[in-house]
Amino acid sequence: DGGITQSPKYLFRKEGQNVTLSCEQNLNHDAMYWYRQDPGQGLRLIYYSQIVNDFQKGDIAEGYSVSREKKESFPLTVTSAQKNPTAFYLCASSPQAEANYGYTFGSGTRLTVV
Amino acid sequence: QKEVEQDPGPLSVPEGAIVSLNCTYSNSAFQYFMWYRQYSRKGPELLMYTYSSGNKEDGRFTAQVDKSSKYISLFIRDSQPSDSATYLCAMSSGYSSASKIIFGSGTRLSIRP
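Residues numbered from 1 in each chain as written. Chains lettered and ligands numbered in written order. Predicted model: local features only at pLDDT ≥ 70, side-chain atom pairs only at ≥ 80, totals over all residues. Heavy atoms only, no water.

(A) The pairing of strand E4 (residues 32-38) of chain B, seen in detail. Residue and element names in this part refer to chain B. Taking burial as the measure, the 7 residues of E4 include 7 buried ones, the bulk of the element. Here E4 shows no split at all, with Tyr32, Met34, Tyr36 and Gln38 on one side and Phe33, Trp35 and Arg37 on the other all buried. Relative to strand E5 (residues 45-51), E4 runs antiparallel, the two sharing 6 bridges. Within E5, the position partnered with Trp35 by the bridge is Met48. Hairpin remark: E4 followed by E5, antiparallel, with 6 residues in the connecting loop; positive phi at Arg41, about 65°. Pairing geometry for E4 and strand E9 (residues 85-92), over 7 bridges, is antiparallel. Paired with Gln38 across the two strands is Thr86, which belongs to E9. (Buried < 20%, exposed > 50% of the residue type's maximum accessible area, 1.4 Å probe, protein only. Helix = DSSP H or I, 4+ residues; strand = E, 2+ residues; numbered from the N terminus. Pairing = 2+ DSSP bridges.)

Structure below.
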């Protein structure tokens, strides 16, 4: 079945650590996105990529980094510079950058700082 | 002011009731409108999308767009306990690759058996 796979489902990070969240899609979509979801704040865009080897900052990119070396993969690194990383992280994709018909989402990674 | 406003709820209704979920928006350039359903600890799934104004029906779900009032609605008929979830509205202008989908903060819905 085609879809987006996010791993791990739960992740715990110690203070000062960098962690990487995985996102893989087999939908042959060009565009991929990372969102952060906090209670009462909806979805906030962290980074997005419209094509391989290119990506753009979203609204809250500080403390995060991404890469897009393959069409299928768009990993997100949460660095130690991100002051409040505890949140639910969602990866999404769309066939092309003009996502007029919506995104397909993964099942999310819940990151907790311990 | 947020571009998209959505009442967070929670909204609790008895099984079988008609549910009305709503969003308002400020950007008159929006012309693609979507509703997502998100179960607890899961990713959102696309429920319905509508282009421009008008109604769209899919089974027990009806999406309505009133661009003159900048107001969209999702109606759920004969609501079931399985409809208990958070519902997010979303919209985009769709003019170019720079136009992103803007999401509402979600309304938490609970259907009481």
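(B) Structural context of the pattern of salt bridges. Across all of its chains, the model carries 6 salt bridges over all chains by this definition. Arg77(B) is the salt-bridge partner of Glu57(B), the closest N and O atoms lying 3.4 Å from each other. Note that Glu57(B) is positioned in strand E6 (residues 54-58) and Arg77(B) in the loop between strand E8 (71-76) and E9, a separation of 20 residues in sequence. Judged by relative accessible area, Arg77(B) falls into the partly exposed class, the value being 29%. Each of Arg36(A), Asp38(A) and Arg44(A) takes part in salt bridges that share partners, so that together they form one network. (Salt bridge = Lys/Arg side-chain N within 4 Å of Asp/Glu carboxyl O.)

(C) Quick peek at the layout of surface pockets. The volume enclosed by the largest pocket comes to roughly 540 Å³. Along the walls of the largest pocket sit 22 residues, with Gln37(A), Pro39(A), Gln38(B), Thr86(B) and Arg108(B) positioned nearest its centre. If you list the elements that add at least two residues to the lining of the largest pocket, you get strand E4 (31-38) and strand E9 (87-94) of chain A together with E9 and strand E11 (107-112) of chain B. Of the residues assigned to the lining of the largest pocket, the class counts are 7 nonpolar, 11 polar and 4 charged. If you add up the space inside the second largest pocket, you get close to 360 Å³. Around the second largest pocket sit 16 residues that line it, and Leu43(A), Arg44(A), Asp59(A), Ile102(B) and Phe103(B) are the ones nearest its centre. Looking at the lining of the second largest pocket, the elements that each hand over two or more residues are strand E5 (42-51) of chain A together with strand E10 (102-103) of chain B. By residue number, the principal contributor to the lining of the second largest pocket is E5(A), which donates 4 residues. Counted by class, the lining of the second largest pocket contains 7 nonpolar, 4 polar and 5 charged residues. (1 Å grid on protein atoms, 1.4 Å probe; cavity = no way out; pocket = protein on both sides within 12 Å on 5 of 7 lines; lining within 4 Å. Points joined across faces, edges and corners; volume = space filled by probe spheres on them. Nonpolar A, V, L, I, M, F, W, Y, C, P; charged D, E, K, R; others polar.)

(D) Representation of the nonpolar core within the structure. Grouped together as the largest cluster of nonpolar side chains are 23 residues, with contacts concentrated most on Trp35(B), Ile72(B), Leu74(B), Tyr87(B) and Met91(B). For this core, the elements supplying multiple residues, two or more each, are strand E3 (19-25), E4, E5, strand E7 (61-66), E8, E9 and E11 of chain B. Dropping the residues within four chain positions of it, Ile72(B) is found in contact with Leu21(B), Asn22(B), Cys23(B), Tyr25(B), Phe33(B), Trp35(B), Gln64(B), Val65(B), Cys89(B) and Met91(B). Core analysis: the next-biggest nonpolar cluster, separate from the first, contains 20 residues, Leu11(A), Met32(A), Ile60(A) and Leu111(A) among them. (Core = buried A, V, L, I, M, F, W, Y, C linked by side-chain atoms within 4.5 Å. Contact = heavy atoms within 4.5 Å.)

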